[in-house]
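The lines below spell out each chain.
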Amino acid sequence: MRPLLLLCTCLIAANTHAQSTASLPVIIEKHGRHALLVDGKPFLILGGQCHNSSAWAAMLPKVWQAIEAMHANTLETPIYWEQLEPRQGEFDFSVVDTLLAQARAHGAHLVLLWFATWKNGSNHYMPEWMKENASLYPNVTGKDGRPVDSPSPDAKAAQEADTKAFAALMRHLKQVDAVHTVLMVQVENEAGAWGSVRDYAAGAQRSFEGPVPAELLKPALLKALGVPVVSAGTWQQVFGKRADEYFQAWSVAHYIGRVAAAGKAEYPLPLYANAALRDPLTNPEATNYESGGPTDNVLPIWKVAAPALDILAPDIYLPGSERVLKVIDLYNRPDNALFVPEAGLIHDNVKYLYATLGNSGIGFSPFGIDDNTLAAADTAALSKLEAYGQEYAALAPMMREVAQWAFEGKLKAVVEHEDHAAQTLDFEGWQANVGFGGGRSNTLPGNPKTDGKAMIAHLDQHTFILMGTGCRVSFSPLGNNAGKAWQYLKVEEGSFVDGQFQARRILNGDETDWGGPQFGSRPTVLRATLVVR
Ligand code: DGJ
């Protein structure tokens, strides 16, 4: 290449890079699947969330130690309203700036969690000047007339104050984060109310006795909520025995929707709200969980009430694979990208990282990754990170490819259930059979745990990428080749480097016979080509 042409090519490349690094993170949707674009390409948040009181300079060294130990590419960290606006209208962005500088120094991204009006259903992160003025910034009034430890979604002054503070935060981010260290912002934290299904204060009661807003009376929405289609009515008339909860969901979502919209108008990053879940299998009464938050049954209400939120996201602390997989299914909707911003930091939850990615999820993050030195936390926190660390380390070099496969619908995953039963995944022309330990057929002996998992991407007709632990994978031909004999043409173990699979070795013999390649306790990446005989 001649020098001038080379120079031009370099300039174009440099310019393209400058433009692409300047492009905002954005969530896109195609055929009901989603991707989070970072620098213009699908990206996976391999995240970790620090403890609630760890976003202080004195605590950050341990947070970064954890992020590094787990090979995470993103730290989820709170931003505290009480710290950001210690006196009304005076903003202190020093913690935000410290987080940005340290994240960049560690080569990590951030997801900021706006701990403001709601934190786990309470108002505990409101600034002192608000806590001291309960008449202007009231809590929910319970059915018995007593105050509940949860902010009222009907409190106009609180909504106004939160809206201004969140807008100020987003305005500041726009000014100081041209390189997009911050990928997304969570608006509030697990909003809703424990202790009362709704607010029974006089103003809220008047609204409850008034007509349901027209936005909620669309036939498709009423059908999605499982109630008869009507054109008008009070909350009680339209929603019957779920009226109290749906009113609370509308009120909370509407409040947060306004906060989110004000922030988005300043700086249009992807925004989301997280949910303290209810049991998705039993349709329990709203007295059993945080009422009004984005639980699975009220997602349609939240979508209408808070359109500035891109995602409603489940925090996974429920036990049992059937329950968790149901949650993953319910939050993966054409109008809602699947993102798991919190999961309990327990070994068995690692498998839901696979289930999330296999459902075109954009990211996953266990909660409480740092040793925050309190008795309630675990001084052995680092050892708990190991299971995530090995998965993130294996995924990191192929993170962009996995995100692209998930977006294109090429990626599927299975996780081991409590019965250890073998499972299948159907692809065009092939069915993958995944066996786990503990069962009787097509299983691996000697793994009594329920932590097996496999992720399989169908690259072309006979080529697959397999990743997993605690399982083995074989295939059967489908379609025109159904019933025919087949075998592995080649099984290579390796990893992705700059978008290309590079084999370390070919697996054969004991490593692939007896029911397909076996995956042990450390995640392995294989490229398998198959042949019909
Ligand atoms: C869920 C909340 O969103 C987190 O902030 C934290 O309080 C965890 N629960 C604790 O388990």
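This is a predicted model, so every value here is computed, not measured.

A. Representation of helix α12 (residues 321-331) within the structure. Of all the positions in α12, only Ser-321, Val-324, Val-327, Ile-328 and Tyr-331 are classed as buried. Down the axis of α12, the sector holding all buried residues measures 125°, keeping them to one side. Packing partners of the buried residues in α12 comprise β10 (271-276), α11 (299-305), β11 (311-316) and α13 (351-358).

B. Region of interest: helix α4 (residues 94-105). Spanning 12 residues, α4 covers 16 Å between terminal C-alpha atoms, matching the ideal 16 Å at 1.5 Å per step. Here α4 has its buried residues at Val-95, Val-96, Leu-99, Leu-100 and Ala-103. Viewed end-on, α4 has its buried residues packed into an arc of 135°, placing them on one side of the element. Buried-residue contacts for α4 involve α2 (60-69), β5 (74-80), α3 (81-84), β6 (109-119), α6 (156-176) and β9 (182-189). Gly-107 occupies a position one or two residues after α4 and carries a positive phi of about 65°.

C. Representation of the sheet that holds strand β3 (residues 41-43). Reading across from one edge, β1-β2-β3 is the order of the three strands in this open sheet, with antiparallel pairing throughout. Only two strands of the sheet have a single partner each, and these edge strands are β1 (26-30) and β3. Pairs of neighbouring strands in the sheet enclose a mean axial angle of 55°, with direction left out of account. Taken together, the five bridges between β1 and strand β2 (residues 33-38) define a ladder with antiparallel strand orientation.

D. Seen up close, the packing of aromatic side chains. Scanning the model with the defined rule gives 25 aromatic pairs in all. Ring centres of Phe-239 and Tyr-246 lie 5.2 Å apart, and the angle between their planes is 70°; on these two criteria the pair is classed as edge-to-face. Neither Phe-239 nor Tyr-246 differs from the other in exposure class; each is buried. Taken together through their ring pairs, the aromatic side chains of Phe-427, Trp-430, Phe-464, Phe-475, Trp-486 and Tyr-488 make up a single cluster. Note that Arg-198 overlies the ring of Phe-208, its terminal NZ or CZ placed 3.7 Å from the centroid. One cation-aromatic arrangement involves Lys-412 over Phe-427; the distance from NZ or CZ to the ring centre is 5.3 Å.

E. Up close: the domain arrangement of the protein. For the protein, the assigned domains read domain 1 (3-409) and domain 2 (412-532). Approximately 1900 Å² of surface area, both sides summed, lies buried where domain 1 meets domain 2, with 66% of it carried by carbon and sulfur atoms. Contact with domain 2 buries area across many residues of domain 1, yet Lys-351, Tyr-354 and Trp-405 alone supply 33% of it, more than any other trio. Seen at the junction of domain 1 and domain 2, the total is one salt bridge. Here Glu-391 and Lys-453 are joined by a salt bridge, their closest N and O atoms 2.8 Å apart. Run the count over domain 1 and domain 2 and you get eight residue pairs in polar contact (both at pLDDT 80 or more). When residues of the side of domain 1 that touches domain 2 are traced back to their parent elements, those giving at least two are α12, α13, α15 (386-395) and α16 (399-408). Tallying contributions element by element places α13 first for the side of domain 1 that touches domain 2, with six residues.

F. Representation of the site of the ligand within the structure. Near the ligand, the surroundings consist of Asn-52, Lys-119, Asn-120, Asn-189, Glu-190, Asp-315, Tyr-317, Glu-342 and Phe-367. A distance of 3.4 Å separates an oxygen atom of the ligand from a polar side-chain atom of Glu-190. Glu-342 places a polar side-chain atom, nitrogen or oxygen, 2.6 Å from an oxygen atom of the ligand. For the ligand, whose accessible area on its own is 290 Å², the fraction buried by protein is 76%.

Cut-offs applied
- Residues numbered from 1 in each chain as written.
- Predicted model: local features only at pLDDT ≥ 70, side-chain atom pairs only at ≥ 80, totals over all residues.
- Heavy atoms only, no water.
- Buried < 20%, exposed > 50% of the residue type's maximum accessible area, 1.4 Å probe, protein only.
- Helix = DSSP H or I, 4+ residues; strand = E, 2+ residues; numbered from the N terminus.
- Arc of directions from axis to C-beta.
- Contact = heavy atoms within 4.5 Å.
- Expected span 1.5 Å × (residues − 1).
- Pairing = 2+ DSSP bridges.
- Axes fitted to C-alpha atoms, helices over the stretch in contact; angles between N-to-C directions.
- Phe/Tyr/Trp six-rings, centres within 6.5 Å; stacked < 30°, edge-to-face > 60°.
- Lys NZ or Arg CZ within 6 Å of the ring centre and 35° of its normal.
- Domains from an automatic or database assignment.
- Buried area = accessible area lost by both parts, 1.4 Å probe.
- Salt bridge = Lys/Arg side-chain N within 4 Å of Asp/Glu carboxyl O.
- Polar contact = N/O pair within 3.5 Å; in protein donor to acceptor, adjacent residues only side chain to side chain.
- Near = heavy atom within 4 Å.
- Areas by Shrake-Rupley, 256 points an atom, 1.4 Å probe, with all protein chains shown as cover.

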